[in-house]
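So you can see what is in the structure, the chains are spelled out below.
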Amino acid sequence: LHGTAPVDSSFPYSVPLDPQGSLRLFWNVSYTEKVVHFQILIKDLKFGIIFGMSDRGEFEGADMAVLWSDGLSSFFGDAWSDTEGQLHIDSHQDYQLLSARQTPEGFYLVFKRPFITCDPKDYLIEDGTVHVIYALLEKPFHSLSAINISTLHRGLQRVQLLKPEIRTPHLPDDVLTMDILSPNVVIPDKETTYWCYITELPQHFSKHHIVMYEPSITKGHEAVVHHIEVFQCSEDYDTIPHYSGPCDSKMKPEKLNHCRHVLAAWAMGAKQFYYPEDVGLAFGGARSSRFLRLEVHYHNPLELKGLRDSSGIRLHYTPSLRKFDAGIMELGLVYTPVMAIPPRQKSFQLTGYCTDKCTETVSAVSACHSNSLYQMKSAKFLH
């Protein structure tokens, strides 16, 4: 087991792989070389690890990089799994080992792989969600062919590997911050929980522009907090009942259903979100509700108990209004079978409609300021 190339020490992106936080994936992207550099931190390495990618998170027919030990020596190789979960060395080695080292915080494994390899056994790395799979080796194996993926402790994580290279805008000197955080929530000991919390802006809060936002995750909960959204409530209601509890609770006040205007949205693996320097997302002021709804999705597949969480989103905003108000268009909001492609379909069409109230407003304004007026983004992360 030897490194074969210099290691780039800068890994701007990271995501926990397992719910306990004992495995963490770091990566960077070179668009000029069309290569992704991976770094995996294994806090308690025993006899190896399997890292892979597949179309839908399957462990059979997957593209894999494998570190394994026979008890005396360690080996690294590019491999693939067949339909039975059996591992095979790839005839074309496209995962290149860069370094392997033990540190006080754990074992670091660094390797790289091109986006496209022209190898039919390899996964094509492209825009969108990548299903990353992993498995830990708890015992030695005399050869890679002795490993069957179906017998191992394994897991799945979804990430966006290819990140756009966008210049970071300068924040104004008068920028302010506001934390919208969960109120020391005891995370339920079940796999999936959507937690809703109502908070409010200060009295007489004038119109401001949000220019950047970022996650604020309770330390140690990076693998449990899956995604977060901040909504503003409808201006049609003078008051919204204060609530902190599961979003699907029968005790949830009905008015919470009218808190759907998105101010910020974050999902695991994402970094800070900046608006262009001449654009800001308006909140506060006349015809704007003071009430905000925080929604946090907790993904707790191990059903861990007693976790207290105060995660949320930090808004960076300014009273100096920018030239343009941003807008957010949401797509695919409703969790319903109507949004799913039925089985055995040769083609499937899904059509959505904007109300005339929406299109009249948008068409009148966007004709004048089509360049950077609207920051369009999907604010739901389907899981």
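Residue numbers restart at each chain and count upward from 1, following the sequence in its written direction. Under the rules for a predicted model, residues below a pLDDT of 70 receive no local features and side-chain atom pairs below 80 are neither given nor counted, while totals for whole chains, interfaces and linings still include all residues. Side-chain descriptors were evaluated using all non-hydrogen atoms of the structure, hydrogens and water having been removed beforehand.

Secondary structure elements are defined from DSSP: runs of H or I of at least 4 residues count as helices, runs of E of at least 2 residues count as strands, and each element is numbered from the N terminus. Along its length, the protein carries 1 helix and 24 strands. Counting over 383 residues, the protein shows a buried share of 45%. Only the protein chains shown count as cover for residues, and all accessible areas are computed by the Shrake-Rupley method using a 1.4 Å probe. Split by element, the accessible area of the protein, about 20,200 Å² in all, is 52% carbon and sulfur. Exposure is judged per residue with a 1.4 Å probe applied to protein chains only, and the accessible area is read against the type maximum: over 50% gives exposed, under 20% gives buried, and values in between give partly exposed.

This brings us to the packing of aromatic side chains. The aromatic pairing rule takes the rings of Phe, Tyr and Trp, using the six-membered ring of Trp, and pairs them if the centres are within 6.5 Å, calling planes under 30 degrees apart stacked, those over 60 edge-to-face and the rest tilted. Considering all chains together, one arrives at 13 aromatic pairs under this definition. Between the aromatic rings of Tyr213 and Phe273, the centroid separation amounts to 5.3 Å while the plane-to-plane angle is 25°, which identifies the pairing as stacked. Here the residue Tyr213 occupies a position in strand β15 (residues 208–216), and Phe273 occupies one in strand β19 (residues 273–274), the gap between them amounting to 60 residues. Residues Tyr213 and Phe273 agree in their burial class; the two are buried. Ring pairing ties together the aromatic residues Phe38, Phe51, Phe76, Tyr95 and Phe111, which thus form one cluster. Positioned above the aromatic ring of Tyr95 is the side chain of Arg113, whose terminal nitrogen or guanidinium carbon lies 5.7 Å from the ring centre. Positioned above the aromatic ring of Trp80, the side-chain terminus of Lys121 is 3.8 Å from the ring centre. Only lysine NZ and arginine CZ atoms are considered, and such an atom sits over a ring when it is within 6 Å of the ring centre and within 35 degrees of the ring normal.

What follows is about a negative patch on the surface. Patch definition: residues with relative accessible area over 30% and no salt bridge; like charges joined within 9 Å; nonpolar side chains (Val, Leu, Ile, Met, Phe, Trp, Tyr) joined within 5 Å. Just to be clear on terms, a salt bridge is a Lys or Arg side-chain nitrogen sitting within 4 Å of an Asp or Glu carboxyl oxygen. As used throughout, the charge tally considers Lys and Arg to be positive and Asp and Glu to be negative, leaving His and the chain termini uncounted. Note that the charge is assigned to NZ on lysines, CZ on arginines, CG on aspartates and CD on glutamates. On the surface, a cluster of negative charge is contributed by Asp55, Glu58, Glu126 and Asp127. Within the fold, Asp55 resides in the loop between β4 (48–54) and β5 (63–69).

Let us look at unusual backbone geometry. With a phi angle near 55°, Asn184 is a residue other than glycine that sits in the positive phi range. Residue position: Asn184 is located in the loop between β12 (176–181) and β13 (185–186). One non-glycine residue, His204, lies in the positive phi region at around 60°. Tracing the backbone shows His204 in the loop between β14 (192–200) and β15.

A full pass over the atoms with the stated rule returns 10 salt bridges. A salt bridge links Arg113 to Asp63; its shortest N-O distance comes to 2.6 Å. Taken together, the residues span a long stretch of sequence, with Arg113 in strand β9 (residues 106–114) and Asp63 in strand β5 at a distance of 50 residues. The burial state of Arg113 is the same as that of Asp63; both residues are buried. Linking Glu295 and Arg293 is a salt bridge whose minimum nitrogen-to-oxygen distance equals 2.8 Å. Just as Glu295 is buried, Arg293 falls in that class too.

Attention now moves to the nonpolar core. Across soluble globular proteins, nonpolar side chains have a tendency to be buried as a group. By convention a nonpolar core is built from buried Ala, Val, Leu, Ile, Met, Phe, Trp, Tyr and Cys residues, the set being connected through side-chain atoms within 4.5 Å. Within the largest apolar cluster, 64 residues are counted, with the highest numbers of intra-cluster contacts made by Trp27, Phe111 and Phe283. Contacts: residue pairs with any heavy atoms within 4.5 Å of one another. Among all residues touching Phe283, those that are not within four sequence positions of it are Met178, Leu201, Phe205, Ser206, Lys207, His208, Ile210, Gln232, Leu263, Ser288, Leu315 and Tyr317.

With that out of the way, let us pick up the sheet that holds strand β18 (residues 261–267). Taken together, the 5 strands give an open sheet; going across it, the order is β17-β14-β21-β16-β18, and neighbouring strands pair in antiparallel fashion. Every interior strand has two partners, whereas the edge strands, β17 (244–246) and β18, have only one. Strand-to-strand, the axes of this sheet are offset by a mean angle of 15°, without reference to chain direction. Strands pair, by our definition, only if DSSP identifies at least two bridges between them. As judged from the 7 bridges shared by strand β16 (residues 225–232) and strand β21 (residues 291–299), these two strands associate in the antiparallel manner. Bridge pairing in β21 links Val225 to Tyr298. Note on geometry: axes are lines fitted to C-alpha atoms, helical ones only across the stretch in contact, with angles between N-to-C directions running from 0 to 180 degrees.

Read these as spatial facts, not as claims about activity.
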